Amino acid sequence: MRVLLVGAGGVGTAITRIAARRRFFDAMVVADYDPARAEAAVAAVGDDRFGAAQVDASDETAVTELLRRHACDVLLNATDPRFVMPLFRAARAADATYVDMAMSLSHPHPERPYAECGVKLGDDQFARAEEWEKAGALALVGMGVEPGLSDVFARYAADELFDEIEEIGIRDGANLTVDGYDFAPSFSIWTTIEECLNPPVVYEAGRGWFTTEPFSEPEVFDFPEGIGPVECVNVEHEEVLLVPRWVDAGRVTFKYGLGKEFIDTLRTLHLLGLDSTAPVTVPGPAGPVAVSPRDVVAACLPDPATLGERMHGKTCAGTWVRGTKDGAPREVYLYHVVDNQWSMKEYGSQAVVWQTAVNPVVALELLADGAWSGSGVLGPEAFPARPFLDLLTAYGSPWGVREQ
């Protein structure tokens, strides 16, 4: 297997450090808009299977040429969701397998954004599913931690733990703190704003997908391994769009443990229009400059990849499932916890980016050895869960199940 990894930020760099310990691939080309970031990621692993390249992820033709030049048969997208579609199309043009961790962007319903879906997450990719299937090519979408591992948990619950599922709820929480910062998101603020301020999507059998107000239906969820109770709220996320395509469930939700201060900050950004991606014109030393307010916010905050030494605590991603087994009610929480102290010591990567990065590497290894295979645009739920969970444990990162 020859892999083109596009994006050498926090997650991309963590991917190189995890992959360097495995032997399932022959080469990995690490490409980024900033060549220095790609070169730094490659230099850190000290493995001659890795090489660096420069590419603009929005330039579909350039990415296609890079795939062909290095004879890469897989494109792994570690950029933010703005670049999903050009990378997705480039992989198809080069006849490469495509893997991402976040799906094509949504667009709210123009008249009823908090009741009806407009363009949903992943719609632009699923619209081309027939093209991929006819070509016998695979696009594995949403293969990070959330979405990704959380979807694998949903598949595992359906196959091995339940006869009938009434509700699946992805629940994400942490007790992470960052020394020296009152507000320092542990993941891309660009992506965080996108998913937290868009209308959350809920799925119900018989009704399909619909939307609610941001931060709706608050609940306190007790997270394992010492994290404890965290208030969680509805947030737009890919699992709600993926899980019902392959797993029968009466209801599917995604709730994120954000905390009041984080929510208030996001609401203020929205109130001021600082969440917008539409350029505004501001004065500059050489004349007027068009800038995106959201990009300005991101530039003013610390790079999440650099926060590991200041960060303390654990992060938990998991899937809560309620239903019946052998005629009796059952409720479980399948989860994966990463301690920042462990991920920094073992890999030099902070917990949130490491937890995101490990899952696409596991998936690539399953594709390389044939344990996972398929064609079309497929989510993690479309594949058997047990091989993934067994391999994740073999990577030194076990998962757990808690009866509720």
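Everything discussed here concerns the structure shown above.
Residues numbered from 1 in each chain as written. Predicted model: local features only at pLDDT ≥ 70, side-chain atom pairs only at ≥ 80, totals over all residues. Heavy atoms only, no water.

Concerning the sheet that holds strand β1 (residues 2-6)
Read from one edge to the other, the open sheet built from seven strands follows the order β3-β2-β1-β4-β5-β6-β19, with strand pairing classed as parallel. On the outer flanks of this sheet lie β3 (50-54) and β19 (376-378), each paired with one strand and no other. Geometrically, the sheet is characterised by an average inter-axis angle of 20 degrees between neighbouring strands, direction not taken into account. Here strand β2 (residues 27-32) pairs with β3 via five bridges, running parallel. Across the sheet, Met28 pairs through a bridge with Phe50, a residue of β3. Contacts between helix α4 (residues 84-93) and the sheet are confined to β1, β4 (74-77), β5 (97-100), β6 (138-140) and β19, with β5 contributing the most and set at about 160 degrees to the helix. (Pairing = 2+ DSSP bridges. Helix = DSSP H or I, 4+ residues; strand = E, 2+ residues; numbered from the N terminus. Axes fitted to C-alpha atoms, helices over the stretch in contact; angles between N-to-C directions. Contact = heavy atoms within 4.5 Å.)

Some words on the layout of surface pockets
Considering only enclosed or pocket space, the second largest pocket measures out at about 290 Å³ in volume. The biggest single contributor to the lining of the second largest pocket is helix α8 (residues 189-197), with four residues. In terms of residue class, the lining of the second largest pocket is made up of eight nonpolar, six polar and three charged. (1 Å grid on protein atoms, 1.4 Å probe; cavity = no way out; pocket = protein on both sides within 12 Å on 5 of 7 lines; lining within 4 Å. Points joined across faces, edges and corners; volume = space filled by probe spheres on them. Nonpolar A, V, L, I, M, F, W, Y, C, P; charged D, E, K, R; others polar.)

Describing the pairing of strand β17 (residues 314-325)
Where strand β7 (residues 164-174) lies against β17, 10 bridges are found, and the strand directions are antiparallel. Within β17, the residue paired with Asp172 across the bridge is Ala317. Between β17 and strand β18 (residues 328-339), which pair antiparallel one after the other, the connecting turn spans two residues, and Asp326 there sits at a positive phi close to 55 degrees.

Concerning the pairing of strand β12 (residues 228-234)
The element β12 is largely enclosed, with a buried count of five among its seven residues. With five bridges joining them, strand β11 (residues 219-223) and β12 adopt antiparallel strand pairing. Paired with Phe223 across the two strands is Gly228, which belongs to β12. Here β11 folds back onto β12 in antiparallel fashion, the turn holding four residues, of which Glu225 has a positive phi close to 55 degrees. Where β12 meets strand β13 (residues 251-256), two bridges bridge the pair, whose relative direction is antiparallel. Within the sheet, the bridge partner assigned to Asn234 lies in β13 and is Lys255. (Buried < 20%, exposed > 50% of the residue type's maximum accessible area, 1.4 Å probe, protein only.)

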